[in-house]
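Next come the chains, spelled out residue by residue.
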Amino acid sequence: MEKSTSYILEVRPKIPARLARLEELANNLWYSWDRPTRALFARLHPGLWRASGHSPKAFLKRIDEQRLLDAAEDEVFIGNFNRVLAAYDTYHAHRLQAAGSDLDQEDLVAYFCAEFGFHESFPIYSGGLGILAGDHCKAASDLRLPFIGVGLLYRQGYFHQTIDGDGNQIATNSDSHFEDLPIVPALRADGTEAYTSVDLPGRKLDIKIWQARIGHITLYLLDTDLDSNSPHDRDITHRLYGGDKVMRIEQEIVLGIGGVLALHVLGLRPTVWHINEGHAAFLVLERVRQKIGEENLDFASALECVAVNTVFTTHTPVPAGHDHFSEGMVQTYFEHYYPGIKLGREEFLALGRAKDSPDFNMTALAIRGSRFHNGVSRIHGEVSSVICGDMWPEIEHRENPMTYVTNGVHAPTFLASEWIEALERHLGLEWSARMNDVDFWEGVENIPDHLFWSVHQSLKAKMLLAVRERISEQHFRNHGSEAHLDRLLKYVNPENPNILTIGFARRFATYKRATMLFGNLDWLREILHNPERPVVFIFAGKAHPADIPGQDLIRRITQISKMTEFIGKILIVEGYDLALSRKLVTGVDVWLNTPLYPLEASGTSGMKAGINGAINLSVLDGWWGESYDGKNGWAIKPVSESLSEEVRTHEETRTLYELLQDQVVPLYYGHGKMGFSPDWVKMSKRSMATIMPRFNSKRMVGEYLAKCYLPASRQYRLYRQDNCVNSNSVSAWKGRVLHAWPGVSLRRLDTVQKTINFGDSLDFEVAVQLNGLEPKDVTVEMLVGLFTKREKLRNTTRHSFVATGTMTESGENVFALKLRPEQCGKLEYRIRAFPNHELLTHPFEMGMMRWL
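Conventions used here
Residues numbered from 1 in each chain as written. Predicted model: local features only at pLDDT ≥ 70, side-chain atom pairs only at ≥ 80, totals over all residues. Heavy atoms only, no water. Helix = DSSP H or I, 4+ residues; strand = E, 2+ residues; numbered from the N terminus. Rg over C-alpha atoms; globule rule 2.2 N^0.38 Å. Buried < 20%, exposed > 50% of the residue type's maximum accessible area, 1.4 Å probe, protein only. Contact = heavy atoms within 4.5 Å. Areas by Shrake-Rupley, 256 points an atom, 1.4 Å probe, with all protein chains shown as cover. Lys, Arg positive; Asp, Glu negative; His and termini not counted. Charge placed at Lys NZ, Arg CZ, Asp CG, Glu CD. Patch = residues over 30% accessible without salt bridge, like charges linked within 9 Å, V, L, I, M, F, W, Y side chains within 5 Å. Salt bridge = Lys/Arg side-chain N within 4 Å of Asp/Glu carboxyl O. Axes fitted to C-alpha atoms, helices over the stretch in contact; angles between N-to-C directions. Parallel < 35°, antiparallel > 145°, perpendicular 65-115°, else oblique. Left-handed = near helix turned anticlockwise from the far one by under 90°. Nonpolar A, V, L, I, M, F, W, Y, C, P; charged D, E, K, R; others polar. Core = buried A, V, L, I, M, F, W, Y, C linked by side-chain atoms within 4.5 Å. Pairing = 2+ DSSP bridges. Expected span 1.5 Å × (residues − 1).

Asker: Looking at this structure, how should I read the overall build of the protein?
Answerer: Of regular secondary structure, the protein possesses 27 helices and 28 strands. Relative to the globule expectation of 29 Å for 852 residues, the C-alpha radius of gyration of the protein, 29 Å, shows essentially globular dimensions. Each principal axis of the C-alpha distribution contributes one length, and for the protein these read about 100 × 65 × 50 Å. Here the protein holds 852 residues, and 58% of them are scored as buried. A fraction of 73% describes how many contacts in the protein between residues 6 or more apart in sequence connect residues 24 or more apart. For the protein, the accessible area works out to roughly 35500 Å², and carbon and sulfur atoms hold 50% of it. Of note, the protein has its 94 positive side-chain charges centred 3 Å away from the centre of its 106 negative side-chain charges.

Structure below.
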């Protein structure tokens, strides 16, 4: 055949007038958590729905017009369509903020993140950080908060994964067609498409602004793939987490600086700024630059005004995980920026300086440019307070400004519709409104055991069917035989969902220890080889293409799964994505998680499984350290961190085997007369009842609102009033304190008493050398608590000294305190002083402390 030219012509169907609002539904990511909306599209053409990647917008461009015409005349379809529209309109018509949110009318929260995961049809996410950001946005929409998101629009999201017959991960990337995504160009006030630009070394980078609707809120996405940019610059937003350090810093400049400029172009003026992980920290610099230009402030005053309404959330549990760039690279990209923020080179680089590192650290910049900082679980908050402790060098870790807001998951997205129906029937329609009500969720106990079990078994059958389909496709692509496939699928039979099924699905990073289960194969054989009590483990997850040790984990699991005694009992499913995640978390019996403590910042997959009645079996790390109560799952207690990783893994593997052999397997197969284990159902109910009210994203965003957004908004109003007079005042005061503090010291004047009777009072006097500061510039206080040998002053009461107005001969200010102890026994007390100003956001934000 002669060479010929191939031309592509896309023929789009005309949507009948009666179905015109299908396009509206397809362009609002409300569909990502409303199953009836997705079901509406799926019913039109199930095969095309799967082929289009569950994307309503792509689906509507490709469906045969006759199917739409037939649907417009199908009263059953129209009935479902009208029900979906009624729910959609009700949701979007109700715009009042949830009770207690109390943000002002002019308030607006801007949430910056490098990735957002809403649904598999919108692939601009890679994993946990993105899914969390998506859930944060969905909950903000549910709460009707004035809220917008800012991110990057990638042509290539995270890679698609296949696994060959030897367990090698094969990563393939494909470009998204923007016309198939639920996005439209953002518009300026005059109706023209919105663009902005940032300066890069020797050139200007043009950026197009897109927007997506997520229920009530809008997500703005930045795109550099424009004809006006060079090929290199067009690639900046091409691939999520792709490229080298140059690409990374350019992406972060686009996100941080470009994001602030984009909102300015769109006429949006946020009153609270949330940096979700350090990738967007450059936004601090651009906001400072704008403040200097608009208000004619110096750098220090502008930084104060910017920092008071900036929230920074860190998700990284190890110092090496924080983004950093060489000072030479930062000099190259920001040399032109110094004059605009009135800083020299050294002063600029100091903004990103961290202890024991020559690099410019994005976490350090984010902390210096914010006044609200948090980790994402109680344990991670404690870890982060240590990792970041050098930012407040004289403050004890547990008192420094690093706090925590434990992650949560968006229940409407991840709770199976079958459970929603069961909850509505047995707990009432108000279950979603009372999602955070711990007492209300005790009502799960009232669901009859046999009904609770039947819902779980129905979901498990659907999950097993999905796993069978994926395993079969994987097997035949790798040239496997049908006979062997039967062996592989022996224990994942939807018609017999009575085999204990344990799931492990997450990113394959070495600290998550996916292969810990295989530490003692002889013991594992013993657990799995009881024909009366079979067990199957299902693994899924991706390793970063550059993470060779992570990919080795996949190879190891594949190798074990091929051993004769483990065939069909250890399965690894390729192509982990949101769709497979939803199936697994709703269908497995047990959710396994084995991270190396304390490296699991939070983890959310176990929450998703738990709200669906799966039972967690996990190391007490991240969120599980807060959730486990002895009755809602099983805990692997971490052994001492002082031991080697090898010894720790060995000991914790033994605990895992003991739990499986002595508790998990016997409990599951302790069948009663109804054909299932009543004690298992009891624990499953407890899992759902305890996890739902405490680990949902509505609670999480509500906590951000109370701890961060509301106080940040109030502080910003204070700091910007009267042409930022308070910003100037605090900045000048901090300058004086910084200059004087090295010369501040404390000396005790009263005589130390060692014994008194209960009810007696003691008078204390302290002389403080203020080195030019005023008495009002410091707080002098005493911490009092019961004496213990284990740790000093863990639970204390605080008592403030009062300036007497007198001075010592040496020029020290005298502070006094009259104390009547309220406890008997051996008390310990300590005396300290620290800078104090009524406008500080956190009392220890300066990181300064003097102890007597």
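Asker: When you look at a negative patch on the surface in this model, what are you seeing that I'm missing?
Answerer: A contiguous patch of negative charge, built from D64, D70, E73 and D74, is present on the exposed surface. Position of D64 among the secondary structure elements: in the loop between α4 (56-62) and α5 (65-72). You can call D64 partly exposed: its relative accessible area is 46%.

Asker: Which parts of the structure should I look at to understand the packing of helix α18 (residues 449-477) against helix α22 (residues 578-587)?
Answerer: Where α18 contacts α22, the two axes come as close as 8 Å, and the packing angle between them is 140 degrees. Here α22 runs oblique to α18, going by the angle between their axes. In terms of crossing hand, the pair formed by α18 and α22 is left-handed. From α18, H456, L459, K460, K462, M463, A466, V467 and R470 reach across to α22, where they touch A579, L580, K583, L584, T586 and G587. In the contact of α18 with α22, the residues fall into 7 nonpolar, 3 polar and 4 charged.

Asker: What should I look at first to understand the nonpolar core in this one?
Answerer: Grouped burial of nonpolar side chains is what soluble globular proteins tend to show. Counting 144 residues, the largest nonpolar core has F122 and F334 as its most contacted members. If sequence neighbours within four positions are ignored, F122 has contacts with L29, F116, L153, L181, P182, I183, A212, L219 and L221. If you look at the next biggest cluster of nonpolar residues, it comprises 101 residues, including I420, I527, V535 and V590.

Asker: Which parts of the structure should I look at to understand the packing of helix α2 (residues 35-44) against helix α6 (residues 75-93)?
Answerer: Pairs of packed helices are described in terms of their axes, by the angle between the two and the distance that separates them. At a minimum axis distance of 9 Å, the contact between α2 and α6 shows a crossing angle of 155 degrees. The angle between α2 and α6 places the two elements in the roughly antiparallel class. Between α2 and α6 lies a crossing of left-handed hand. Contacts between α2 and α6 involve P36, T37, L40, R43 and L44 on the former and, on the latter, F77, N80, F81 and V84. Looking at the contact of α2 with α6, its residues break down into 6 nonpolar, 2 polar and 1 charged.

Asker: Can you walk me through the sheet that holds strand β20 (residues 633-636) in this structure?
Answerer: Picture the strands of a sheet paired through backbone hydrogen bonds; they go either parallel or antiparallel. Pairing in this open sheet of 6 strands is parallel, and the strands run β17-β16-β15-β18-β19-β20 from one edge to the other. Only two strands of the sheet have a single neighbouring strand rather than two, namely β17 (570-573) and β20. The mean inter-strand angle of the sheet, taken between neighbouring strand axes irrespective of direction, is 20 degrees. Relative to β17, strand β16 (residues 535-540) is paired through 4 bridges, and the arrangement is parallel. Its bridge partner being in β17, F539 is matched across the sheet by I572. Across the sheet, α18 touches β15 (500-505), β16 and β17, and the angle it forms with β17 is around 75 degrees. Contacts from helix α25 (residues 645-668) reach β15, β16, β18 (590-593), β19 (615-619) and β20 within the one sheet, and its direction differs from that of β20 by about 165 degrees.

Asker: Would you mind showing me how to read the sheet that holds strand β25 (residues 802-807) here?
Answerer: The strand order across the open sheet built from 4 strands is β21-β22-β26-β25, with neighbouring strands paired in antiparallel fashion. Strand pairing shows two members of the sheet lacking a second neighbour, β21 (745-748) and β25, which therefore form its edges. Strand-to-strand twist in this sheet, taken as the mean axis angle between neighbours without regard to direction, amounts to 30 degrees. By the bridge criterion, 4 bridges tie β21 to strand β22 (residues 762-769) in an arrangement that is antiparallel. Paired with R747 across the two strands is A767, which belongs to β22.

Asker: Where do I start with the pattern of salt bridges in this structure?
Answerer: Side chains carrying opposite charge are able to pair once their charged atoms draw close together. Enumeration over the complete set of coordinates arrives at 51 salt bridges. Salt bridges sharing partners connect three or more residues here, namely E10, R12, K61, R62 and D180.

Asker: Just to check I follow, could you spell out helix α10 (residues 283-295) for this structure?
Answerer: Every α-helix winds through 3.6 residues per turn, so residues three or four apart in the chain are directed the same way. Taking 1.5 Å per residue as the helical rise, α10 with its 13 residues ought to reach 18 Å, and the 18 Å between its terminal C-alpha atoms agrees with that figure. All of the buried residues in α10 are L283, V284, L285, E286, R287, V288, Q290, K291 and I292. At the exit of α10 stands N296, carrying a positive phi of roughly 55 degrees.

Read these as layout, nothing more, since geometry by itself doesn't imply function.
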